[in-house]
Structure formats: C-alpha cells, structure tokens
Amino acid sequence: MSNDLVGVWEVALSDGVHRIEFEHGTTTGKRVITIDGKEILKRDWMFKLVGKETFNVGSSDTKATINIDAVSGFAYEYTLEINGKSLKKYMENRSKVTSTWVLNLDGIDCRVVLEKDTMDIWCNGEKMQTAGEFVDDGTETHFTLGDHDCCIKAVSSGKRRDGIIHTLLVDGTEIAECVE
C-alpha cells in the first residue's frame, strides 16, 4: 500500500459493494485507481495535478469519475461521482430504485438486490434467472438460491406516497430489507 492513498470509497451497486481506492502522488504526478484490490488505471508523471479520471465500476460498467480539485496551496480535494452524480446523491437515488436484503443461507452471506425499474434480481454479483407472475394482490417474482425457493412480492401500499412495497420471502419466511 502506498502512502499516496488519498481516497477510499465503498460503492453499492447491484452486483455488489465495490471498494474504490485512489492514490495521488502530488510530487510525482502519479495517479492510481484500484477497484476491489485490482489496479485498473495507473498514470505516472502527470504534470497537471488537478483534473478528473473517469472509469467503469462493476459488471454493468457503471461510469465513475474522481474529481481532483485544488483547495489551497498544495492541498487537494477528491470527490467521487457515479453516473454524473455525487456519491451521496447517487446513493440516495439508488435507495429509491432498488431494494436490498442481506441474509445468510447455508453458511453463505447473500446480498440480494432488486432493481425496481427492470425487476432484475441480483445475488452476490450474479443476475438471477427469474419467473414473474401476476397474483391477486400484485406480482410475485420467483427465483432460487441454492436449494431455497425465493420470491419477491410486490404489492401496493394503498398510499400513493409509499408506492409499491417489495418483500423477500425465502422458503416462505419474510426477510427484513436492509438500508445501504
């Protein structure tokens, strides 16, 4: 690990939580971006110390940009944008368009993510095969995790402000949604 490490961010995407690290050598002009421990970009001898680096994160190639701004003298500020939004704004918006559950099945930690706009379901970075059906009070999307039957039920809350409520059932047992 270099002593030039200036920024570390955890970004929750549908395919998992990714750790982004940024090294900035202000004397050498070096820039290094590492995602989940794998170096994806390295530039040496950059004479312009401010600017931006754009790259992709995750299996869906989500666009990310690290902005390097001078604050005063030789002090710099580093901000991460995801899909053109600040990380904070992106995560706030993401909580509206996804539901996430974290559970342990047969000794394995599972992170299940529902993308509400596409109804795609991801588990630990893998897009699941699903079967959807309409039922009396809404929809059910069925999939399996190992030997377990899973279902995400979508029912109307009856309140316009709350919209549709998504519930994960594993072998008939409801799993509490987590907040990322």
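Up top you'll find the structure we're talking about.
All of the points below concern the structure found in this document. (Residues numbered from 1 in each chain as written. Predicted model: local features only at pLDDT ≥ 70, side-chain atom pairs only at ≥ 80, totals over all residues. Heavy atoms only, no water.)

1. Re a negative patch on the surface
Stage number 1. On the surface, a cluster of negative charge is contributed by Asp106, Asp147, Asp149 and Asp171.
Stage number 2. Mapped onto the fold, Asp147 is located in the loop between β14 (138–145) and β15 (148–156).
Stage number 3. Here Asp147 falls in the exposed class, since its relative accessible area comes to 74%. (Patch = residues over 30% accessible without salt bridge, like charges linked within 9 Å, V, L, I, M, F, W, Y side chains within 5 Å. Areas by Shrake-Rupley, 256 points an atom, 1.4 Å probe, with all protein chains shown as cover. Salt bridge = Lys/Arg side-chain N within 4 Å of Asp/Glu carboxyl O. Lys, Arg positive; Asp, Glu negative; His and termini not counted. Charge placed at Lys NZ, Arg CZ, Asp CG, Glu CD. Helix = DSSP H or I, 4+ residues; strand = E, 2+ residues; numbered from the N terminus. Buried < 20%, exposed > 50% of the residue type's maximum accessible area, 1.4 Å probe, protein only.)

2. Observations concerning the sheet that holds strand β7 (residues 75–82)
Stage number 1. Strand order in the open sheet formed by four strands is β5-β6-β7-β8, and the pairing between neighbours is antiparallel. Taken across any chain shown, the strands that pair with only one partner, and hence form the sheet edges, are β5 (51–57) and β8 (85–86).
Stage number 2. As paired strands, β5 and strand β6 (residues 62–72) are joined by seven bridges and run antiparallel to one another. Bridge pairing in β6 places Gly51 opposite Ile68. (Pairing = 2+ DSSP bridges.)

3. So, the nonpolar core
Stage number 1. Within the largest apolar cluster, 22 residues are counted, with the highest numbers of intra-cluster contacts made by Trp9, Ile20, Ile33, Phe55, Ile66 and Leu80.
Stage number 2. Of all the elements in the fold, those that place two or more residues in this core are β1 (5–13), β2 (16–24), β3 (31–35), β5, β6, β7 and α1 (87–97).
Stage number 3. Apart from residues no more than four positions distant in its own chain, Ile33 is found in contact with Ile20, Glu21, Phe22, Lys38, Glu39, Ile40, Leu41, Glu53, Phe55 and Ile66.
Stage number 4. Core analysis: the next-biggest nonpolar cluster, separate from the first, contains 16 residues, Leu103, Val112, Cys150 and Ile152 among them. (Core = buried A, V, L, I, M, F, W, Y, C linked by side-chain atoms within 4.5 Å. Contact = heavy atoms within 4.5 Å.)

4. A short note on the pattern of salt bridges
Stage number 1. In this structure the tally under the stated criterion is nine salt bridges.
Stage number 2. Linking Arg19 and Glu10 is a salt bridge whose minimum nitrogen-to-oxygen distance equals 3.2 Å.
Stage number 3. Note on Arg19: relative accessible area 36%, which makes it partly exposed.
Stage number 4. Between Glu53 and Arg31 there is a salt bridge, with its nearest N and O atoms 2.8 Å apart. With a gap of 22 residues between them, Glu53 in strand β5 and Arg31 in strand β3 connect regions that are remote in the sequence.
Stage number 5. The exposure class assigned to Arg31 is buried, which follows from its relative accessible area of 2%.

5. Some points on the layout of surface pockets
Stage number 1. Put simply, the largest pocket is a space of about 280 Å³.
Stage number 2. Lining the largest pocket are 15 residues, with Asn83, Tyr90, Arg94, Val97 and Glu115 sitting closest to its centre.
Stage number 3. Here the lining of the largest pocket gets four residues from one element, more than from any other, and that element is α1.
Stage number 4. Tallied by class, the residues present in the lining of the largest pocket amount to four nonpolar, six polar and five charged. (1 Å grid on protein atoms, 1.4 Å probe; cavity = no way out; pocket = protein on both sides within 12 Å on 5 of 7 lines; lining within 4 Å. Points joined across faces, edges and corners; volume = space filled by probe spheres on them. Nonpolar A, V, L, I, M, F, W, Y, C, P; charged D, E, K, R; others polar.)

6. Considerations on the pairing of β3
Stage number 1. Of all five residues in β3, five are buried; the element is thus mostly enclosed.
Stage number 2. Of the two faces of β3, the one carrying Arg31, Ile33 and Ile35 and the one carrying Val32 and Thr34 are both buried.
Stage number 3. Relative to β3, β2 runs antiparallel, the two sharing five bridges. In the strand pairing of β3, Glu23 is matched with Val32.
Stage number 4. Here β2 folds back onto β3, and the loop between the two strands holds six residues, one of which, Gly29, carries a positive phi near 80°.
Stage number 5. By the bridge criterion, five bridges tie β3 to strand β4 (residues 38–43) in an arrangement that is antiparallel.

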